[in-house]
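# Per-entry structural report
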Amino acid sequence: MSSKKIIEHSQAATHFNKDVERVNWHDETLWFVREKRDKSAHQIPDWELLRETASQIKNNVLSNIHDYLIEFEANAQKNGIIVHWAADAKQHNEIVHSIMAKHDVKQMVKSKSMLTEECHLNDYLAEKGIEVIDSDLGEYIVQLRKEPPSHIVLPAIHLKKEDVSETFHEHLGTEKGNIDPQYLTESARLSLRNTFLTRKVALTGVNFAIAETGEIVVCTNEGNADMGAHLADVHIASMGFEKLIPERKHLGVFLRLLARSATGQPITTFSSHFKKPRDGKEIHIVIVDNGRSTQLGREDFRNSLKCIRCGACMNTCPVYRRSGGHSYHNAVAGPIGSILAPNLDMSKNADLPFASTLCGSCTNVCPVKIDIHDQLYKWRQVLVKEGHTPTSKTIAMNTMAKVLANPTIFNIAGKSGRFVMKNIPGLVNNKMNKWYDQREMPDVPEESFREWYKKNSREAKAKDNE
């Protein structure tokens, strides 16, 4: 696991916000993707029916996960697939390494897999002397820069073409200053071609696993997963157990939702089915828990396991758009990551559920109807009760509760606050008060609403008695 020191979301977001031009660009770009999602969704009359159907299918899966997992394993094994079970990230990484060791392989080509990011597989294998090349273009870019992805669908969305040009010039020897996207993409393609042709082991993620048939489905737009899996002798597929769906007929529901929610496309360019290995080849599926069972047992949070990793909640979230994915210090960023991460480690991820306005936009766009903003609110309550909030905040909230509960103290506090803001503004508007970092000092009211109401009520009564 990564030992890198965690920087809280607010601090990391402050750093990201120093580049105002980039923040605005990041915000606008993601909102453009959100708009594409809306246009695509509105073209389907039964969009809301699709969402409800997908949500209910996932409800069924989560309620009967034990049976579906056994069914999937049995059918996959009948197809000649080797199935492994991993209780946590460590075990997942050890299984992957053992497969590579068995075949005496020191190199791997990998397509996008957020589960392997969650398990820190690349770092683990690097320590074992194994080279991993990420073949998804966005993942490849951030890997060259030694950065984690900042988005589950658009891993390099935080970078501009100028950044990519500099990275490719440094690592691939491309023409300095050439920012033409087609040129840069072609350069990456040429660099990766030899990787595809020479790697004997390929790893992919899993978008959907079908219990009825024992097959897995991998959705990509670049075809890199197919290139890796079809050219390699060994295909390893890493999947969280929540990726199950009961029957193949259910797949159409999710495929219609996934790409439209993610990028506004009608469907992903490649939706590849892997059911059985070719002669002389191997397919291994590693089914991972890593905290999912615990989340499944949390009544208020189990619905988070419905997630199909479309990224729609990130594209719409006003906080994510203006703070950047790296500010979430978690493999999955944004609203969905903020309700998944505390389950893995409450102490380390206690800040994330508070990185939200609770506006509900994430819930509105979720294709499987996860109640994301409700779960963010509920996680806040859990974290406070468990003592995972800063002492200063706990004291402040307790003090506020006492003030708000006592009318006399509330009135005194209000008058004192107005006096200080009007006559000694420096006590309020300073670096210690984060509220004013990016806000203007409001005009100080002459009186409180209660005082205004009493005065106007008396005047109204006086007029009525005249």
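Residues numbered from 1 in each chain as written. Predicted model: local features only at pLDDT ≥ 70, side-chain atom pairs only at ≥ 80, totals over all residues. Heavy atoms only, no water.

Under the annotation held in an unreviewed UniProt entry, the chain carries the name Lactate utilization protein and is attributed to Flavobacterium azizsancarii.

The tally for this structure, following the rule as stated, stands at 28 salt bridges. Note that Glu 447 is salt-bridged to Lys 455, the shortest N-O span being 3.5 Å. One salt-bridge network, held together by shared partners, links Glu 118, Glu 242, Arg 292 and Arg 309. (Salt bridge = Lys/Arg side-chain N within 4 Å of Asp/Glu carboxyl O.)

Our next topic: the packing of helix α16 (residues 334–344) against helix α18 (residues 372–385). α18 packs onto α16 with a crossing angle of 40° between their chain directions and a minimal axis gap of 9 Å. Relative to α18, the element α16 lies oblique. Classified by chirality, the crossing of α18 by α16 is left-handed. On α18, the residues touching Pro 335, Ile 336, Ser 338, Ile 339, Pro 342 and Asn 343 of α16 are Ile 372, Gln 375, Leu 376 and Trp 379. Each residue belonging to the contact of α16 with α18 can be placed in one class, and the counts come to seven nonpolar, three polar and no charged. (Axes fitted to C-alpha atoms, helices over the stretch in contact; angles between N-to-C directions. Helix = DSSP H or I, 4+ residues; strand = E, 2+ residues; numbered from the N terminus. Parallel < 35°, antiparallel > 145°, perpendicular 65-115°, else oblique. Left-handed = near helix turned anticlockwise from the far one by under 90°. Contact = heavy atoms within 4.5 Å. Nonpolar A, V, L, I, M, F, W, Y, C, P; charged D, E, K, R; others polar.)

An order of β1-β10-β7-β4-β2-β3 is seen for the six strands of this open sheet, with the pairing classed as parallel. Of all the strands in the sheet, the pair left with one neighbour each is β1 (82–86) and β3 (131–134). Within the sheet, the average angular offset between the axes of one strand and its neighbour, ignoring direction, is 25°. Looking at chain direction, β1 and strand β10 (residues 282–288) are connected through five bridges and run parallel. By the bridge assignment for β10, Val 83 is matched with Ile 285. (Pairing = 2+ DSSP bridges.)

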